[in-house]
Structures are given as C-alpha cells and as structure tokens.
Amino acid sequence: MPSLFRFLAILAILGGAVFAGIFALATFVQPTQREMSVTIPASKLQPSGK
C-alpha cells in the first residue's frame, strides 16, 4: 500500500508542476501581434458547377 501512495504522490507532484508551468506561460508570456496574409488558390474561389 505505501508504494501506491508514493506513486499517487509522485503523479500529483508532476501534475502540479505541469499545471504551474502552463499557468506561468499563460501569465508571463505576451504574444506579439502581427499581420497575417493567406494566399487562396483561384480554384477555391470559383463556385462549383453542380
């Protein structure tokens, strides 16, 4: 039984570390905004003749 508790404790610690890392990235990293352009082929703009 102690090995089960140790396993669950390790999983909880790892899960908490992952959550803390994601929270830190979401809080402290500011994305840079930039303009984006996407080229669309002309065949996609033509209505199909069905």
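Positions within a chain are numbered from 1, following the residues in the order the chain's sequence is written. This being a predicted model, a pLDDT of at least 70 is required before a residue's local features are given, and a value of 80 or more before pairs of side-chain atoms are given or counted; all residues contribute to the totals for chains, interfaces and linings. Only heavy atoms go into the side-chain values, all of them from the structure, while hydrogens and water stay out.

An unreviewed UniProt entry lists the protein under the name Histidine kinase, with Methylobacterium brachythecii as the source organism.

A. Seen up close, the overall build of the protein. Of the regular secondary structure elements, the protein holds 2 helices and 0 strands. It is over C-alpha atoms that the radius of gyration is taken, and the globule rule equals 2.2 Å times the number of residues to the power 0.38. In terms of C-alpha radius of gyration, the protein reaches 24 Å, well past the compact-globule figure of 10 Å for 50 residues. The principal-axis extents of the C-alpha atoms in the protein amount to approximately 70 × 35 × 10 Å. Under the scheme applied here, a residue whose accessible area is under 20% of the maximum for its type counts as buried, over 50% as exposed, and between as partly exposed, the area being computed with a 1.4 Å probe on protein chains only. Within the protein, the proportion of its 50 residues that are buried is 0%. Per-residue and other accessible areas follow the Shrake-Rupley method at a 1.4 Å probe size, with only the shown protein chains counted as cover for residues. Here the protein displays about 5300 Å² of accessible surface, and carbon together with sulfur accounts for 69% of that area. Note on conventions: DSSP H or I runs of at least 4 residues are helices, E runs of at least 2 residues are strands, and numbering of each starts at the N terminus.

B. Examining the environment of Pro47 more closely. Following the sequence through the fold, Pro47 ends up in the segment after α2 (42–45). Here the alpha-carbon distance between Pro47 and Pro31, two residues 16 residues apart in the chain, equals 37 Å.

C. A look at a nonpolar patch on the surface. Surface patches are defined over residues having more than 30% relative accessible area and no salt bridge, joining like charges when they lie within 9 Å and nonpolar side chains (Val, Leu, Ile, Met, Phe, Trp, Tyr) when within 5 Å. Here a salt bridge means any side-chain nitrogen of Lys or Arg lying within 4 Å of a carboxyl oxygen belonging to Asp or Glu. A surface patch of nonpolar side chains, about 640 Å² in accessible area, is lined by Met1, Leu4, Phe5, Phe7, Leu8 and Leu11. By the secondary structure assignment, Leu11 is in helix α1 (residues 2–28). For Leu11, a relative accessible area of 44% corresponds to the partly exposed category.

D. Expanded view of the environment of Ile40. In this structure, Ile40 sits in the loop between α1 and α2. According to the relative accessible area criterion, Ile40 is exposed, its value standing at 52%. In sequence terms Ile40 and Ile10 are 30 residues apart; their C-alpha atoms lie 49 Å from each other.

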